[in-house]
There are 2 protein chains.
Amino acid sequence: MYRTHDCGQLRIADVDKTVTLSGWVQRVRNLGGMTFVDLRDRYGITQLVFNMETNAELCERARKLGREFVIQAIGTVTERTSKNKDLPTGDIEITVNQLNILNKSDVPPFTIEDNTDGGEDLLMKYRYLDIRRKPIISGLLMRHKMSLEVRKYLDAQGFMEVETPVLINSSPEGARDYVVPSRLHHGEFYALPQSPQQYKQLLMVAGVDKYYQIAKCFRDEDLRADRQPEFTQIDCEMSFVEQEDILQIFEGLAKHLFKEVKGIDMNYQFPRMVWQDAMEQYGSDKPDIRFGMKIHDVTAEVKGHGFKVFDDAEYVCAIAVGGCANYSRKQTDELTEWVKRPQVGAKGLVFIKYNEDGTVKSSVDKFYTPEQLTEIAKKAGAGTGDLVLILCGKKMPILNAMGTLRIEMGNRLGLRDKNIFAPLWVIDFPLFEWDDETQRFYAMHHPFTSPKKEDIALLDTDPGKVRANAYDLVINGTEVGGGSIRIHDSQLQVKMFNLLGFTQERAQSNFGCLINAFKFGAPPHGGLAFGLDRWVAIMYGCDSIKDVIAFPKNNAARDIMMGAPSLIAPEQLDELSLAITPEK
Amino acid sequence: MYRTHDCGQLRIADVDKTVTLSGWVQRVRNLGGMTFVDLRDRYGITQLVFNMETNAELCERARKLGREFVIQAIGTVTERTSKNKDLPTGDIEITVNQLNILNKSDVPPFTIEDNTDGGEDLLMKYRYLDIRRKPIISGLLMRHKMSLEVRKYLDAQGFMEVETPVLINSSPEGARDYVVPSRLHHGEFYALPQSPQQYKQLLMVAGVDKYYQIAKCFRDEDLRADRQPEFTQIDCEMSFVEQEDILQIFEGLAKHLFKEVKGIDMNYQFPRMVWQDAMEQYGSDKPDIRFGMKIHDVTAEVKGHGFKVFDDAEYVCAIAVGGCANYSRKQTDELTEWVKRPQVGAKGLVFIKYNEDGTVKSSVDKFYTPEQLTEIAKKAGAGTGDLVLILCGKKMPILNAMGTLRIEMGNRLGLRDKNIFAPLWVIDFPLFEWDDETQRFYAMHHPFTSPKKEDIALLDTDPGKVRANAYDLVINGTEVGGGSIRIHDSQLQVKMFNLLGFTQERAQSNFGCLINAFKFGAPPHGGLAFGLDRWVAIMYGCDSIKDVIAFPKNNAARDIMMGAPSLIAPEQLDELSLAITPEK
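Residues numbered from 1 in each chain as written. Chains lettered and ligands numbered in written order. Predicted model: local features only at pLDDT ≥ 70, side-chain atom pairs only at ≥ 80, totals over all residues. Heavy atoms only, no water.

Caption draft 1: A look at the pattern of salt bridges. The tally for this structure, following the rule as stated, stands at 98 salt bridges over all chains. The partner of Arg412 of chain B in a salt bridge is Glu334 of chain B, with the nearest N and O atoms 2.9 Å apart. Taken together, the positions of Arg412 of chain B in helix 12 (residues 395–412) and Glu334 of chain B in helix 10 (residues 329–340) put the pair 78 residues apart, joining distant regions of the chain. Note on Arg412 of chain B: relative accessible area 33%, which makes it partly exposed. Residue classification places Glu334 of chain B among the partly exposed positions, given a relative accessible area of 37%. Members of the salt-bridge network, linked through shared partners, are Asp428, Lys452, Glu454, Asp455 and Arg467 of chain A. (Salt bridge = Lys/Arg side-chain N within 4 Å of Asp/Glu carboxyl O. Helix = DSSP H or I, 4+ residues; strand = E, 2+ residues; numbered from the N terminus. Buried < 20%, exposed > 50% of the residue type's maximum accessible area, 1.4 Å probe, protein only.)

Here's what the structure looks like:
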């Protein structure tokens, strides 16, 4: 037997017990006649003690142990003279009388400590050593706990987990598929699922009633920070439900997770915000409501005073940044440059300083009287001491830019505390998005999303105004999931395809199986999917989803630890009837 | 709200309640003035009743409902006059006063009944309708329950679930990989995992200590009955363990599952059998021990009596088939033909009828005296009334053939009751398999499997005799899982690679990451993996794993419902820098 206890287990009550521990050498300290070894495993750290006086030979061997050696120690649990209150095992130590080296270790390429000296590439290359570090393994443990609690909650609600296939057929809708050549069927390919969307709707037709799955999904995207080619979704679908049923059940799931994983009781109904308000007040369909600084429309107030930029603009909006009226010229100049970055996309920035003494100072003083500026500042929600930031342009792009600026100011002012969690349902999304370039409507969610009953008439007259039975769960400004009530009426579905410009052939070739299935008694149904990686990252308080994925790929979709992707043997290509064409 | 209750929920205590139910029309029966509709959902069937006298219009509408229409019915729970004891809801019915058709249905291509009239292809094409049938949805529910219980048990044991990647690197060892072309990295490919083997060993190096995952695995095999290109494994690995620890933990898992899923208490230690005995006594490394009919070596008894076939054979073995001494000539002839089938591979069959009256009759009477035949029969374990079947040839192939014949006789005699479960650990597998064709050793399990300590010396002298720390869990003659203690000593690993004929380059290119990881303090570790599909099928008592997979592929690896694999657009191939070469 390699161990009787793990390295996080022993307490003062265990004193005098003979125990066997196994683990990794965290560090060795020689203090005169005594040698202390910190022995580490997933569960904790236990101090081993060796005494030069009582057993010189053993103590000598302990002194020679290297970092990350794997050892087994047999000894007696002893009360420490100087206790370590920071360590759960800090009251005791093991007086060792037998020491076995189970495996040696080369010197690791970085220190296995909470704060390591390894750079990102090195940590990823040696991810198996990185995981030994507490910040990483704790994140993976939280992920495990979250998955398990998701399953417990949904099981208790009568959901059944169904595994849907990973080798499916390619669908040209949506993002790019990863494909898998078939050896048995010449020239044909499977695709990896971007989500189990069609399968879960088929499961509703199949009468599964309440389905969930924690499912791997795949998307072949171009390089983008903090996106992974494979990611994990909590995928759910229910029959005989309306939007309200779904919001209730999954608000319950969120509360269960916050309670079980973070110990946070959320004894209140999550706020709900219609998409239109989210856009107009927060400049985002995923508002961070941990702080205010709402956006205000000041178009009427600023127009007609001879300032051409505002007079020509479709939309002018403002935020009030609390307590920043004292910003220096340098600071406002820097902010002006910041909003001009292509990621923000504003043409410029106008500010009003609403000083503590009630006076105003702005970058447009020559066009507005102090009274007018005060009125604008008040409209923007400012009080004395606040800084008002104003952007103008086309309505939606400028709201987006203001939303980005708002988040930036929230960050700068420390208003986005990782230990505060502010969930929010965003509802009433538009059914369609108009694309100027191709001059057609696209489904904002997907083509099976149902319109609101009261908006169905608008499908014929003003499709852009139709609201969908679609909803997102947003936490701290991040969308953790979303979904919709689906169309189960085949007449309405046909209308939907028409509006989206699908020919019958194209609808049939992309969604033929589902369309056909709907002929055989499809129940009313709806669902949603959560991004597990993202949700765990928010709960764990880390910035990147990579931190909560055991073996993530880098931003170029490479696993640099294993070396994937890689070349394959010519015989493998031959068997698949494939040839590689020159790079373009 | 679509429903207040589901269709399996209402009981006599609910009488007089006003309820709303939704579901599918199972059938409509018109009995004079009354019309009965069986309303079905995942949870059960509830009878709706319509009365021509009290509401003719509603009753007329009910009569027009087609099979599989989706309806909503509002009414009052009423006690039935003639109760149905076979139905949990059989004491009540719903006197309907409002009926809404939620969706119509075309006539389904087969009947949605426990025994359907659909053929396999039709059932697979319309799998979403097949799943509505109780035998299918119940299997999927059992699968859900088993997965959940696996997680509960392992979580309670301190295991953590870790998701390993699906896009990994191709390894030419083992079966054929499915590969995934990379668009971002010209000419390179990911592979889909045949198992998370290397990742789970890396997780042990990473200090995860106790890992599990219910993981999708992939194997691009040639057509084979009841194999699926994607399948699901319960994959587990532990550190600081010996074989006995693993057998204990996972015997516990098996008992937990039998208890929770089947209600069977297995309050005994699972029998264990060394591989050598399994082969010699059952002609299989996965013996079905629900019945005896053990194989006996009769080589010594049959040789030297002038029967050249036996005299020339390396090995002669026999089984005693209980109560079959009265087999007719036609029956023994048929058996002789049966063993000559290529799947069995014997050259012929010799039999001895050990009659009830103590006389013997055999197909080799002219070479053996009745006393000699009696002696052989007794050696084969026969009593009076039994039929002794004898095969001869090279030892291992003929033991395999006899194992196949034994299972066949077990089937014919009804000795393989699906409701009896006989688990068995097969242990002490050989470390190597010798391949005559390539004249070299192959790893029977995989190249990281550790030899038994006491056999390590044999590595230099007689590698074929070395036993591995490897084990399989067998239930009713099916291997449901297996694994091994791994090598964690790099010296021993090098020796292993040498014996397997790996050059250092090849070892490095196939297992480089793992070999490198082992330099940084690999703990002693081992694990195993169970085939979830197979295990559920055994528990559920069905013959094919397809029955317990929601959307299986057919034997040609095709999803005929969705139409995968399929052709992809030329632009997709272009983006991947791939061309399809002519079929060979």
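Next comes the rest of the write-up.
Caption draft 2: View of the interface of chain A and chain B. Contacts between the two partners involve 123 residues from chain A, matched on the other side by 123 residues from chain B. When the two sides are added together, the surface that chain A and chain B hide from each other amounts to roughly 11,200 Å², 58% of it contributed by carbon and sulfur. Our enumeration of links across chain A and chain B arrives at 14 salt bridges. In this structure, the connection of chain A to chain B is made through 77 residue pairs in polar contact (both at pLDDT 80 or more). A per-class count over the side of chain A that touches chain B returns 68 nonpolar, 25 polar and 30 charged. (Contact = heavy atoms within 4.5 Å. Buried area = accessible area lost by both parts, 1.4 Å probe. Polar contact = N/O pair within 3.5 Å; in protein donor to acceptor, adjacent residues only side chain to side chain. Nonpolar A, V, L, I, M, F, W, Y, C, P; charged D, E, K, R; others polar.)

Caption draft 3: Layout of the packing of aromatic side chains. Here the structure, examined in full by the defined rule, presents 40 aromatic pairs over all chains. Between Phe307 of chain A and Phe367 of chain A, the ring centres sit 4.9 Å apart and the planes meet at 35°, which makes this aromatic pair tilted. One end of the pair, Phe307 of chain A, is in the loop between helix 8 (299–302) and helix 9 (308–312); the other, Phe367 of chain A, is in the loop between strand 15 (360–362) and helix 11 (370–379), with 60 residues separating them in the sequence. Take Phe307 of chain A: its relative accessible area is 12%, and that puts it in the buried class. Aromatic pair Phe448 of chain B and Phe511 of chain B: ring centres 5.1 Å apart, planes at 90°, arrangement edge-to-face. One end of the pair, Phe448 of chain B, is in the loop between strand 19 (440–443) and helix 13 (458–461); the other, Phe511 of chain B, is in helix 15 (residues 504–517), with 63 residues separating them in the sequence. By relative accessible area, Phe448 of chain B is classed as buried at 2%. Chaining the aromatic ring pairs together yields one cluster made of Phe448, Phe497, Phe502, Phe511 and Phe518 of chain A. (Phe/Tyr/Trp six-rings, centres within 6.5 Å; stacked < 30°, edge-to-face > 60°.)

Caption draft 4: Inspection of the side chain of Gln243 of chain B at higher detail. Along the polypeptide, Gln243 of chain B turns up in helix 6 (residues 243–262). In this structure, Gln243 of chain B is in contact with Ile427, Lys452, Asn469, Ala470, Tyr471 and Ile485 of chain B, ignoring residues within four places of it in sequence.

Caption draft 5: Looking closely at empty space enclosed by the protein. This model, assessed by the stated rule, comprises eleven cavities of 30 Å³ or more. The space that makes up the largest cavity amounts to roughly 580 Å³. Around the largest cavity, the lining comprises 35 residues; the ones closest to its centre are Ile214, Ala215 and Lys216 of chain A together with Ile214 and Lys216 of chain B. Within the residue set of the lining of the largest cavity, elements represented by two or more residues are helix 4 (134–156) and strand 9 (210–218) of chain A together with helix 4 (134–156) and strand 9 (210–218) of chain B. Classifying every residue of the lining of the largest cavity gives 15 nonpolar, ten polar and ten charged. (1 Å grid on protein atoms, 1.4 Å probe; cavity = no way out; pocket = protein on both sides within 12 Å on 5 of 7 lines; lining within 4 Å. Points joined across faces, edges and corners; volume = space filled by probe spheres on them.)

Caption draft 6: Inspection of the side chain of Arg80 of chain A at higher detail. Residues and elements named next belong to chain A. Within the secondary structure, Arg80 sits in the loop between strand 4 (70–79) and strand 5 (92–103). Buried charge without a partner: Arg80 forms no salt bridge, and the closest opposite charge is Glu93, 4.4 Å away. A polar atom in the side chain of Arg80 sits 3.5 Å from the side chain of Gln47. Within the structure, the side chain of Arg80 is placed 3.3 Å from the backbone oxygen of Gly90, a separation counted as a polar contact. In this view, Arg80 contacts Gln47, Leu87, Thr89, Gly90, Asp91, Ile92 and Glu93; residues no more than four positions away in its chain are not counted. (Lys, Arg positive; Asp, Glu negative; His and termini not counted.)

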